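Given next are the chains, with one letter for each unit.
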Amino acid sequence: MTTSALRNPSLSKPLKSAGAPVSRKRVWVRYALITMVVSYIGILIIAPLARLLFGAFEQGLAPILESLSDPNVLYAFWLTLWISVLTVVIHAIFGTILAWVLVRQRFPGRKLLNALIDMPFAVSPVVVGYMLLLLFGRNGFLYPLLSALNIQVAFALPGMVLATLFVTLPFMVRELIPVLEAFGIQQEQAAATLGASGLQTFRFVTLPAIRWGFIYGVTLTFARALGEFGAILVIGGGIKGRTETATLFIYRALDERQYVGAYSAAIVLGIFSLILVVSSELLRRRGGES
Amino acid sequence: MSVATLSKAAAGSQGSRRPLWGAWSLRAIAITYLTVLLIIPLLVIFRDGLREGIGELWHQVTLPMAWHALKLTLWTAAVMTIINSVMGLMTAFVLVRYTFPGHALLNAIVDLPLAIPTLVTGVMLVVLYGPQEALGAWLKEELGISIIFAPPGIVLALLFITFPFVVRAVQPVLLTLDRTQEAAAATLGAGLFTIGRRVILPPLILPLATGALLSFARAIGEFGAIVIVAGNLPMYSQTAAVYVLGAVESENRLGASAISIVMVTIAFSLILVVDWLQRREDKEAV
């Protein structure tokens with residue numbers, strides 16, 4: 001500090017003595033902060049991820065492929081995919097309508113509905129499954145009606161799709177609301193004035209404008225649906241070969257100490273979700289630039 | 001002029017009558033969708049839990065196992081929220097203010113927990129810290145700390161899952177801060193700590209609170225990672241969500257509904273507060 005002050009006599013002394021220690025301290029703080037953050041993320045996120053990946057590939061690919069080619073496992077992954085696709089399609093339609101109504105329309109209770117959208121985010125998946133069980137289960141409120149119509153919801157595909165729909169509700173809507181708000185209504189109004197029908201306006205004016213939010217919403221919904229576990233466990237029951245999804249298989253395999261099977265399935269599921277989210281992020285970046 | 005107004009009126013009525021019909025039906029679809037998917041299931045649980053009256057509900061909640069599970073859920077979530085707030089704030093600061101090799105990668109990694117199914121998160125933590133694994137065994141023998149099948153594992157799992165919330169809440173606000181104020185404070189002789197506390201922190205309080213509450217709310221309901229990491233040891237590592245699962249499986253309907261009501265009520269209150277905070281934040285931004 002003293003030497004640098006001596007070398008720069010042109011600078012006024014009080015300023016120098018106040019400025020120099022701060023800037024040197026800042027460099028020190030900078031390295032300390034970066035080190036802390038990097039090691040925190042390293043310990044919390046990178047280390048477990050790396051351990052799982054290396055642990056599974058320790059014995060090579062053969063045991064992984066063998067455990068994944070079990071018909072029950074293949075069925076579990078197929079079921080997960082099927083539930084996720086159904087969820088995405090339903091949310092893509094109704095979630096978009098919901099977001100549009102919440103942004104474009106004013107009516108009493110709108111703010112409450114808007115806040116309610118985030119509920120699935122905080123409600124425990126187990127509770128979600130249990131709520132559906134109370135509705136559709138053997139002693140459920142709607143059971144007499146459903147059995148009269150011969151529809152099975154609990155411990156069957158419809159219940160699992162409903163549970164996944166509940167859990168993934170916020171993603172589509174929350175992605176679309178800000179984009180719709182930013183887009184405004186002028187172009188929609190212009191299209192309507194020029195005689196476009198509501199559907200035409202949506203198809204040719206609104207949808208192209210919100211497509212990146214839409215794509216991102218779809219990906220997040222898909223990724224979340226792939227990983228759903230608690231709600232599906234309660235409403236689906238995890239019956240092997242019938243209502244057992246990929247996550248439920250992992251849970252059962254851990255319980256039965258089939259670690260290779262569990263870890264392999266966990267890796268496949270994790271990598272699949274990662275690819276989804278990373279690719280949509282890349283898409284979005286490209287979309288943002290153009 | 002009269003022609004102009006006439007044509008405008010005609011266009012207006014033509015343009016508004018059709019969309020009005022469309023708007024009403026869309027609104028009906030939206031509200032029905034939300035009611036069927038969200039509101040009816042939520043109401044059903046209240047109806048079921050309050051069937052035997054509020055006294056029975058209270059009795060179910062205060063049963064030792066249930067009470068312990070709720071307390072465990074709340075305190076692990078609270079510990080996570082404190083750590084997550086500090087580290088999330090720090091991470092956001094580092095990401096916004098500093099450039100260093102690996103910066104973009106670090107920024108991308110922040111979102112990683114959102115992409116990974118929480119059950120897989122649980123598996124990852126067990127593989128690393130489990131009692132049969134090298135690191136887990138070492139921690140147990142040398143330091144006497146068990147992480148897996150114990151409360152620390154719950155906190156760790158929650159930290160992993162909720163890591164993006166605080167960072168992503170604080171980051172955009174931090175980006176918009178005017179740095180000349182910090183420079184002015186430094187010129188006036190304020191130390192780093194004072195600048196941090198008096199200049200940088202105040203505008204970040206609102207987003208920080210939003211992110212922290214959101215992670216707390218998310219943590220209360222977490223199940224997938226916790227059931228793998230903490231196991232299901234009543235009175236020790238059994239959280240509220242795992243307790244509900246046990247109650248459902250043993251057909252203890254009263255217990256399951258009572259604890260579910262408590263959890264849903266906590267979740268709903270927190271969501272309302274977060275919603276209110278976010279609206280205040282939006283107002284301040286404007």
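What you see is a predicted model; the values in this text were computed from it and never measured.

Enquirer: So what's going on with the overall build of chain B? Residues and values would help.
Expert: When helices and strands are counted, chain B shows 13 helices and 0 strands. Helices (α) and strands (β) of chain B occur, in sequence order from the N terminus, as α-α-α-α-α-α-α-α-α-α-α-α-α. Here chain B has a C-alpha radius of gyration of 25 Å; the compact-globule value for 286 residues is 19 Å, and the former is much larger. For chain B, the spread of C-alpha atoms along the principal axes amounts to about 90 × 65 × 35 Å. When each of the 286 residues of chain B is scored for burial, the buried share is 40%.

Enquirer: Give me the lowdown on the domain arrangement of chain B, citing residues and values where you can.
Expert: Residue and element names in this part refer to chain B. Domain parsing of chain B yields domain 1 (1-49) and domain 2 (53-285). The C-alpha-based centres of domain 1 and domain 2 are spaced at 38 Å. Taken together, the contact between domain 1 and domain 2 spans 5 residues of the former and 6 residues of the latter.

Enquirer: Any chance you could break down the nonpolar core for me, citing the residues and the numbers?
Expert: By size, the foremost hydrophobic cluster in this structure holds 160 residues, and its most contacted members are I250 of chain A together with V123 and V244 of chain B. Examining the composition of this core, we find that 15 residues originate from one element, helix α8 (residues 151-176) of chain B, more than from any other. Beyond its immediate chain neighbours, meaning those up to four positions away, I250 of chain A contacts A262, A265 and A266 of chain A together with L119 and V123 of chain B.

Enquirer: So what about the confidence of the model for chain A? Which residues, and what values?
Expert: Note: predicted coordinates in regions of low pLDDT should not be interpreted at a detailed level. On average, residues of chain A carry a pLDDT of 85, and 90% of them reach 70 or more. Contacts of residues 1-21 of chain A to residues separated by more than four positions or lying in other chains number 10 contacts, the stretch itself having pLDDT below 50.

Enquirer: Lay out the interface of chain A and chain B with the relevant residues and their values.
Expert: In this assembly, 71 residues from chain A lie in contact with 68 residues from chain B. Per-element tally for the side of chain A that touches chain B: the top contributor is helix α2 (residues 13-57) of chain A, with 21 residues. Looking at side-chain class alone, the side of chain A that touches chain B contains 56 nonpolar, 10 polar and 5 charged residues.

Enquirer: Give a description of the confidence of the model for chain B that names residues and reports values.
Expert: All names here are of chain B. Residues at a pLDDT of 70 or more form 93% of chain B, whose mean pLDDT is 88. No element of chain B has a lower mean pLDDT than helix α1 (residues 2-49), at 73, and none a higher one than helix α3 (residues 64-97), at 96. Our summary of model confidence lists the complex with pTM equal to 0.88 and ipTM equal to 0.88.

Enquirer: Quick rundown of the domain arrangement of chain A? Include the residues and the values.
Expert: When the parts come together, some accessible area is lost, and that loss is often what is quoted as the size of the interface. All names here are of chain A. Once the domains are mapped, chain A shows domain 1 (2-57) and domain 2 (62-289). Computed from C-alpha atoms alone, the centre-to-centre distance between domain 1 and domain 2 is 42 Å. Contacts between domain 1 and domain 2 engage 4 residues on the former and 5 residues on the latter. Counted by class, the side of domain 1 that touches domain 2 contains 3 nonpolar, 1 polar and no charged residues.

Enquirer: Which residues make up unusual backbone geometry, and what values do they have?
Expert: Residues and elements named next belong to chain A. Of note in this structure, N150 is not a glycine but carries a positive phi near 60 degrees. Among the secondary structure elements, N150 is positioned in the loop between α8 (143-149) and α9 (157-183). Among the residues examined, N150 registers 6 C-beta atoms within 10 Å and is labelled exposed. Although it is not a glycine, R257 sits at a positive phi angle of roughly 60 degrees. Take R257: it is sitting in the loop between α13 (246-255) and α14 (259-289). R257 sits in the exposed class, given 8 other C-beta atoms within 10 Å.

Enquirer: For the packing of helix α4 (residues 71-104) of chain A against α13 of chain A, give the residues involved together with the corresponding values.
Expert: Residues and elements named next belong to chain A. Relative to each other, α4 and α13 sit at 140 degrees, their axes nearing to 7 Å. Accordingly, the angle class assigned to the pair α4 and α13 is oblique. Every residue of α13 that contacts α4 at V73, A76, F77 and T80 is listed here: A246, L248 and F249. Looking at side-chain class alone, the contact of α4 with α13 contains 6 nonpolar, 1 polar and no charged residues.

Enquirer: Would you mind going over the packing of helix α10 (residues 192-221) of chain B against helix α13 (residues 253-285) of chain B in detail, with residue names and values included?
Expert: Helices that pack against each other are described as a pair by the angle of their axes relative to one another and the distance between those axes. All names here are of chain B. Interhelical geometry of α10 versus α13 gives an angle of 160 degrees and a closest axis separation of 9 Å. Between α10 and α13, the interaxial angle falls into the category roughly antiparallel. By crossing handedness, the relation of α10 to α13 is classed as left-handed. Residue-level inspection shows L206, P207, A209, T210, L213, L214, F216, A217, I220 and G221 of α10 in contact with α13, the latter providing M263, I266, A267, L270, I271, V273, V274, L277, Q278, R280, E281 and E284. When grouped by side-chain class, the residues that make up the contact of α10 with α13 number 16 nonpolar, 3 polar and 3 charged.

Cut-off values and rules
- Residues numbered from 1 in each chain as written.
- Chains lettered and ligands numbered in written order.
- Predicted model: local features only at pLDDT ≥ 70, side-chain atom pairs only at ≥ 80, totals over all residues.
- Helix = DSSP H or I, 4+ residues; strand = E, 2+ residues; numbered from the N terminus.
- Rg over C-alpha atoms; globule rule 2.2 N^0.38 Å.
- Buried ≥ 20, exposed ≤ 12 C-beta atoms within 10 Å, placed from the backbone.
- Domains from an automatic or database assignment.
- Contact = placed C-beta atoms within 7 Å.
- Core = buried A, V, L, I, M, F, W, Y, C linked by C-beta atoms within 7 Å.
- pLDDT = per-residue confidence, 0-100.
- Nonpolar A, V, L, I, M, F, W, Y, C, P; charged D, E, K, R; others polar.
- Axes fitted to C-alpha atoms, helices over the stretch in contact; angles between N-to-C directions.
- Parallel < 35°, antiparallel > 145°, perpendicular 65-115°, else oblique.
- Left-handed = near helix turned anticlockwise from the far one by under 90°.

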